[in-house]
Amino acid sequence: MSTVVIVGAQWGDEGKGKITDYLAERADVVVRYQGGANAGHTVVVGDTEYRLHLIPSGILHGKRCVIGNGVVLDPAVFLREVEYLEERGHAVDAIAVSGAAHVIMPYHKRLDELEEAGRGEDRIGTTRQGIGPAYRDKAARTGIRVEDLLDEAQFRRLLRRNLDQVNRVLERVYGVEGYDYEQVLEEYLGYAERLRPFVTDTWKLINDAIDAGQRVLFEGAQGTMLDLDHGTYPYVTSSYPTAAGACIGSGVGPTRIDQVIGVAKAYTSRVGDGPFPTELLDETGEWIRRRGHEYGTTTGRPRRCGWLDAVVLRYAARVSGMTGLAITRLDTLGGLETVRICVAYELDGRRVEDMPTGALKLARCRPVYEELPGWPADLSGLTRWEDLPAEARRYLERIAELVGVPVVLVSVGRERAQTMGLREVFVPRPR
C-alpha cells in the first residue's frame, strides 16, 4: 500500500497539476478531494497544453480518476472537460464521480457575483464560479447532491424548494429576476443522464484500491493559505485544501495516508485580495510575473508575485504534516543576480518566525529577508540534481533547512519532462 496526498503549500497556483501529472504516471488511482471548477491545473505534454478544472490530470496517463464527495461539481464544466478529453483522444471511462458530491446550480453563480459585487472594498476575490454559495448550502443542509440529481422525483422536489427561496432573495434583496423552474429543471435533467455512467460510491472504490495494495494519489485544489480554517480568513476558499481535507473529501481514514507532498513555487504568488507580506510591487515583481506566465488558469487574472516566504511554508508543512516538498518554477528565477527568502516577519516591532493567526495580523507583518546568489537563466535542459548550478542547489537546500522538510521533486520548466525526482515518493511511511 502507498498513498500520497498532494497539497498546495502557498496560496494556490503552485503547479500542483504538473506534479500530480508527474506522480500519476506511477499511481493506479488519482482522487480529487475538494474544491470545484474555480481551480485550474495546466499540464504541458510536448507541444500540447491541457487545462483542466475538475477532472484529475491523471486522466492523461489513462489512470482511474475519481471526483470525491468533497468536491462541488459543476455538471456543465465536467461534461465539457469530458468532451475536451475525448476530442484529444483520451478515454474517459475510467472517471468516477461521487454520488455524495454537491452540485453547483446556476443560482450559486449568480449569488456569488452579486455578493462579491456588494462587498465593495471588502471583496474576497472570488472567481464567481458559485463555489462559496454551493458549500454554504451544503453546510445549511439545503444542497443538492449528485445522487439527488439522478433521482428525478427527488430533484424536482429539491429544486422547487430551493428556487422558491432563492428567487425571493434575488428579487427582494438584489432586485434582479429569479430563475424559471422548468428551464433549470430541463437543463439539469439533461446533465443527469450524461452524468449517470460516471457516478458510483467512490469512498468504497478508493478504500478497495488501498486494500488491494494499489498506489493512490490524492489531489487538492487551491493551497494551504486559502484553507477555510487555516488560511488568511476571510480571504480563503470554502473548503479544506490541507491534507486533512483529503480524508474528509474522499472517505479515507487518516491512518491510511503514507506521504504528504507540499507543492510550492520557488517564489510566491496569489490571486485575489488579502495580505501578502512578500509581494513585490516593483519591476522585479513584474519581471517574475512575465517570466513565470503568472495569469490565472480559470480567470486569466494577473497574479500578485513576490519572494519565497519560508514562514508560510513552515506553517503549511506543520498543518498538513508534510513529508516532502516539490519546488516548481525554479527556472523562473534564473537570471537574477540575487534572490531572497523571507525567513521571519517583523510584527509590531517584534521578530516572529511562526505564522500569526488572522489576516489582520498578517497584514501588519513585514518580511525579514535572507539574500542568496542567483543562477543562470536557462535550466530547461537539465534532468539531474547534479546538473543544477551550485547556486540553485544551495537555494533549494536552504528552503529545506528553513522548512524542515526535504525537497523531493524539482520542476525546471512547464513541460512534463522538465521534472526531477530526487527520491521515491510512493513509499509507505514506517508505522
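As a reminder, the structure under discussion sits directly above these lines.
These remarks concern the structure in this document. Note that the coordinates shown come from a computational prediction; the quantities given were computed from them, not determined experimentally.

Along the chain, the regular secondary structure elements total 13 helices and 20 strands. The dimensions of the chain, computed from C-alpha atoms along their principal axes, are 65 × 50 × 45 Å. Across the 431 residues that make up the chain, the buried fraction comes to 57%. Accessible surface, the chain: about 17800 Å² in total, of which carbon and sulfur atoms supply 46%. With 55 positive and 62 negative side-chain charges, the chain shows a spacing of 3 Å between the two charge centroids.

Further remarks concern the side chain of arginine 314. Its location among the elements puts arginine 314 in helix H11 (residues 310-320). Nearest to the buried, unbridged arginine 314 among oppositely charged side chains is glutamate 353, at 4.9 Å. Within polar-contact distance, the side chain of arginine 314 engages the backbone oxygen of leucine 402 at 3.3 Å. Filtering out sequence-adjacent residues up to four positions away, arginine 314 remains in contact with Val343, Glu353, Leu402 and Val403.

Strand order in the open sheet formed by ten strands is S9-S7-S5-S2-S10-S1-S11-S15-S19-S20, and the pairing between neighbours is mixed. Every interior strand has two partners, whereas the edge strands, strand S9 (199-200) and strand S20 (419-421), have only one. One ladder, built from two bridges, connects strand S7 (residues 95-98) with S9; its direction is parallel. Bridging from a neighbouring strand, serine 98 pairs with threonine 200 of S9.

A word on the pattern of salt bridges. In the structure shown here, the tally under the stated rule is 30 salt bridges. A salt bridge links glutamate 14 to lysine 16, with the nearest nitrogen and oxygen atoms 2.8 Å apart. Shared partners join several salt bridges into a network, and the residues in it are Asp13, Lys265, Glu294, Arg303 and Arg329.

We now examine unusual backbone geometry. A cis amide bond, omega 10 degrees, links tyrosine 233 with the succeeding residue proline 234. Structurally, the position occupied by proline 234 is in the loop between strand S10 (215-219) and helix H9 (243-248). With a phi angle near 60 degrees, arginine 329 is a residue other than glycine that sits in the positive phi range. With respect to the helices, strands and loops of the structure, arginine 329 is situated in the loop between strand S15 (324-328) and strand S16 (338-347). Positive phi, close to 50 degrees, is recorded for aspartate 348, a residue that is not glycine. Inspection of the secondary structure puts aspartate 348 in the loop between S16 and strand S17 (350-352). Given a relative accessible area of 53%, aspartate 348 falls into the exposed group.

Let's shift gears to the packing of helix H3 (residues 106-119) against helix H4 (residues 131-140). Between H3 and H4, the least distance of the axes is 7 Å, while the angle of their chain directions is 115 degrees. In this structure, the crossing between H3 and H4 has a hand that is right-handed. Contacts between H3 and H4 involve Tyr107, His108, Leu111, Asp112 and Glu115 from the former and Ile131, Pro133, Ala134, Arg136 and Asp137 from the latter. Broken down by class, the residue content of the contact of H3 with H4 amounts to five nonpolar, one polar and four charged.

With that settled, the discussion passes to a negative patch on the surface. Side chains of Glu171, Glu177, Asp180, Glu182, Glu186 and Glu187 sit close together on the surface and give a patch of like negative charge. No other element matches the three residues that helix H7 (residues 181-195) contributes to the negative patch. Relative to the elements of secondary structure, glutamate 187 occurs in helix H7.

A surface patch of nonpolar side chains, amounting to about 240 Å² of accessible area, comprises Val169, Val173 and Tyr174. Relative to the helices and strands, tyrosine 174 is located in the loop between helix H6 (152-172) and H7. The class for tyrosine 174 is partly exposed, based on a relative accessible area of 31%.

Judged by how many residues are buried, H11 sits mostly within the fold: eight of eleven residues are covered. Of the surrounding secondary structure, the elements contacted by the buried residues of H11 are strand S1 (2-8), H9, strand S11 (259-265), strand S14 (308-309), S16 and helix H13 (390-403). Two or three places before valine 311, at the start of H11, stands the capping residue aspartate 309, its side-chain oxygen 3.0 Å from that residue's backbone nitrogen. Among the residues trailing H11, glycine 321 stands out with phi positive, at a value near 65 degrees.

All right, on to helix H1 (residues 16-24) then. Each full turn of the α-helix corresponds to 3.6 residues, which orients residues three or four apart in the same direction. A large share of H1 lies buried, amounting to nine of its nine residues. Every buried residue belonging to H1 is among Lys16, Gly17, Lys18, Ile19, Thr20, Asp21, Tyr22, Leu23 and Ala24, and all of these are buried.

Core analysis: the biggest nonpolar cluster contains 64 residues, and Leu23, Phe78, Ile95, Met105, Phe155, Leu159 and Leu217 have the highest contact counts within it. For this core, the leading source of residues is H7, giving eight residues. Ala9, Val29, Ala96 and Ala264 belong to the second-largest nonpolar core, a separate cluster that totals 58 residues.

This part takes up the packing of helix H2 (residues 75-87) against H7. A pair of packed helices can be characterised by two numbers: the angle between their axes and the separation between those axes. Between H2 and H7, whose axes approach to 10 Å, the crossing angle comes to 45 degrees. It follows from the interaxial angle that H2 and H7 lie oblique. Crossing geometry of H2 relative to H7 is assigned as left-handed. Each of Pro75, Ala76, Phe78, Leu79 and Glu83 in H2 lies in contact with H7, whose residues at this interface are Tyr188, Tyr191, Arg194 and Leu195. Looking at side-chain class alone, the contact of H2 with H7 contains seven nonpolar, no polar and two charged residues.

Thresholds, definitions, all that
Residues numbered from 1 in each chain as written. Predicted model: local features only at pLDDT ≥ 70, side-chain atom pairs only at ≥ 80, totals over all residues. Heavy atoms only, no water. Helix = DSSP H or I, 4+ residues; strand = E, 2+ residues; numbered from the N terminus. Buried < 20%, exposed > 50% of the residue type's maximum accessible area, 1.4 Å probe, protein only. Areas by Shrake-Rupley, 256 points an atom, 1.4 Å probe, with all protein chains shown as cover. Lys, Arg positive; Asp, Glu negative; His and termini not counted. Charge placed at Lys NZ, Arg CZ, Asp CG, Glu CD. Salt bridge = Lys/Arg side-chain N within 4 Å of Asp/Glu carboxyl O. Polar contact = N/O pair within 3.5 Å; in protein donor to acceptor, adjacent residues only side chain to side chain. Contact = heavy atoms within 4.5 Å. Pairing = 2+ DSSP bridges. Axes fitted to C-alpha atoms, helices over the stretch in contact; angles between N-to-C directions. Left-handed = near helix turned anticlockwise from the far one by under 90°. Nonpolar A, V, L, I, M, F, W, Y, C, P; charged D, E, K, R; others polar. Patch = residues over 30% accessible without salt bridge, like charges linked within 9 Å, V, L, I, M, F, W, Y side chains within 5 Å. Core = buried A, V, L, I, M, F, W, Y, C linked by side-chain atoms within 4.5 Å. Parallel < 35°, antiparallel > 145°, perpendicular 65-115°, else oblique.

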